[in-house]
Amino acid sequence: MNFRILDKCSKEEVASLFTSVFSSSEGEQEGRLIGSLASALAERTDNQRIIGVGAYEDGSMIGAIFFTRLRFDEPIEAYMLAPVAVSTAHQGRGIGQALIRFGLDELKDRSVTLVVTYGDPAFYSKVAFQTLSEDVIQAPLPLSMPEGWLGQPLSGKAIPILKSRPACVQEFDNPDYW
Ligand SMILES: CC(C)(COP(=O)(O)OP(=O)(O)OC[C@H]1O[C@@H](n2cnc3c(N)ncnc32)[C@H](O)[C@@H]1OP(=O)(O)O)[C@@H](O)C(=O)NCCC(=O)NCCS
C-alpha cells in the first residue's frame, strides 16, 4: 500500500469510493450526500485550501481522506479532517488510522498547529483526537452532535482558546453535514 496526495484527476475514483463506503455503512441517502461532498472536494483540491490523500493497493484507491482549511480571525494554521473512507473490503486492517497519521504528518511538515474533526470519538481517539469544547474552539456551523467535535494540537502545546468562530471552506458550508 502507498499514499499519494490527490489531484483533480482522482475525482471519479473518490466519488465512487465515498458513495459506496457510506452507502454500505450509513445507507444510500448518506452515501449520495458524502459521495457528492467528496467529489466536490476532489474537483477543487489545490493541495492548500483542500488537501486530499489517497491510499492505493495495486494501483487502485482503497481509501481516501480530506483536510480543509479553517480560517480564524486569530493567526493560527488550522485544518479540519473530513471525510475519510476505507473501502468496505479493506476495513479493519489499520488502513484508516495509517491514512490519518500520514495526513497529520503532512500537516505537521507544513507547520499546521491545530486539526479538528467531527465524528465518532471511539474511532478518532485511536489517532489522538480528544473531545473539544466549543468554549475552546467553536465549530463553523451549529453541531447536531456536539460530543463528536474533536481536536488535537500538532505543535506539542495545548490547544489555545480562540474567540472567533472559524470559517470553513464553502464545500462544508451546509447544515446537512453538521
Ligand atoms: C472509519 C474508517 C475510515 C476506519 O478505517 P479502517 O481502516 O476500517 O480502521 P482501522 O483498521 O484503522 O481501525 C480499526 C479500529 O477502528 C474502529 N472503528 C472503525 N470504524 C469505526 C467507526 N465508524 N466507529 C467507531 N470505531 C470504528 C474498529 O472497531 C477498530 O477498533 P479496534 O482496533 O479496537 O478493533 C472505515 O471503517 C470507514 O470508511 N467506515 C465507513 C465510513 C466512516 O464511518 N467514515 C468516518 C466518518 S466519521
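Counting of residues starts from 1 at the beginning of each chain's written sequence and follows it residue by residue. Owing to the predicted nature of the model, reporting of local features is limited to residues with pLDDT of at least 70; listing and counting of side-chain atom pairs is limited to 80 or more, with chain, interface and lining totals taken over all residues. Each side-chain value is derived from all of the structure's non-hydrogen atoms; neither hydrogens nor water enter the calculation.

1. So, the packing of aromatic side chains
So, step 1. Think of it this way: a Phe, Tyr or Trp ring, Trp meaning its six-membered ring, pairs with another when their centres are within 6.5 Å, and the plane angle makes it stacked under 30 degrees, edge-to-face over 60, tilted otherwise. Scanning the entire structure with this criterion turns up 10 aromatic pairs.
So, step 2. Here the aromatic rings of Phe3 and Phe102 are separated by 5.0 Å at their centres, their planes lie at 35 degrees, and the arrangement is tilted. Here Phe102 lies in helix α3 (residues 95-109) and Phe3 lies in strand β1 (residues 2-5), a separation of 99 residues in the sequence.
So, step 3. Accessibility here uses a 1.4 Å probe with only protein chains present; expressed as a share of the type maximum, an area under 20% marks a residue as buried, one over 50% as exposed, and anything in between as partly exposed. The class for Phe3 is partly exposed, based on a relative accessible area of 23%.
So, step 4. Taking the relative accessible area as the measure of exposure, Phe102 reaches 28% and is therefore partly exposed.
So, step 5. Measuring from ring centre to ring centre gives 6.4 Å for Trp149 and Trp178, while their planes differ by 55 degrees; the resulting arrangement is tilted. Residue Trp149 is located in strand β7 (residues 149-153), and its partner Trp178 is located in the segment after β7; the two are separated by 29 residues in the primary sequence. One exposure class covers both Trp149 and Trp178, and it is buried.
So, step 6. By the ring-pair criterion, three or more aromatic residues cluster together here, those being Tyr118, Trp149, Phe172, Tyr177 and Trp178. Elements are defined by DSSP. Helices are runs of H or I of four residues or more, strands are runs of E of two residues or more, and each kind is numbered from the N terminus.

2. A closer look at the pattern of salt bridges
So, step 1. Note on definitions: salt bridges are taken to be side-chain nitrogens of Lys or Arg within 4 Å of carboxyl oxygens of Asp or Glu. In total, this model carries 7 salt bridges according to the counting rule given.
So, step 2. Arg49 serves as the salt-bridge partner of Glu171, at 3.3 Å between the closest nitrogen and oxygen. Taken together, the residues Glu171 in the segment after β7 and Arg49 in the loop between α2 (28-43) and β2 (50-57) connect sequence positions 122 residues apart.
So, step 3. Residue Arg49 is classed as partly exposed on the basis of its relative accessible area of 28%.
So, step 4. With its nearest N and O atoms 3.9 Å apart, the salt bridge here joins Asp105 to Lys108. One end of the pair, Asp105, and the other, Lys108, are both in helix α3, 3 residues apart, so they sit about a helical turn from each other.
So, step 5. The class of Asp105 is partly exposed, set by a relative accessible area of 42%.
So, step 6. Counted as one network, the salt bridges with shared partners bring together Arg44, Arg49 and Glu171.

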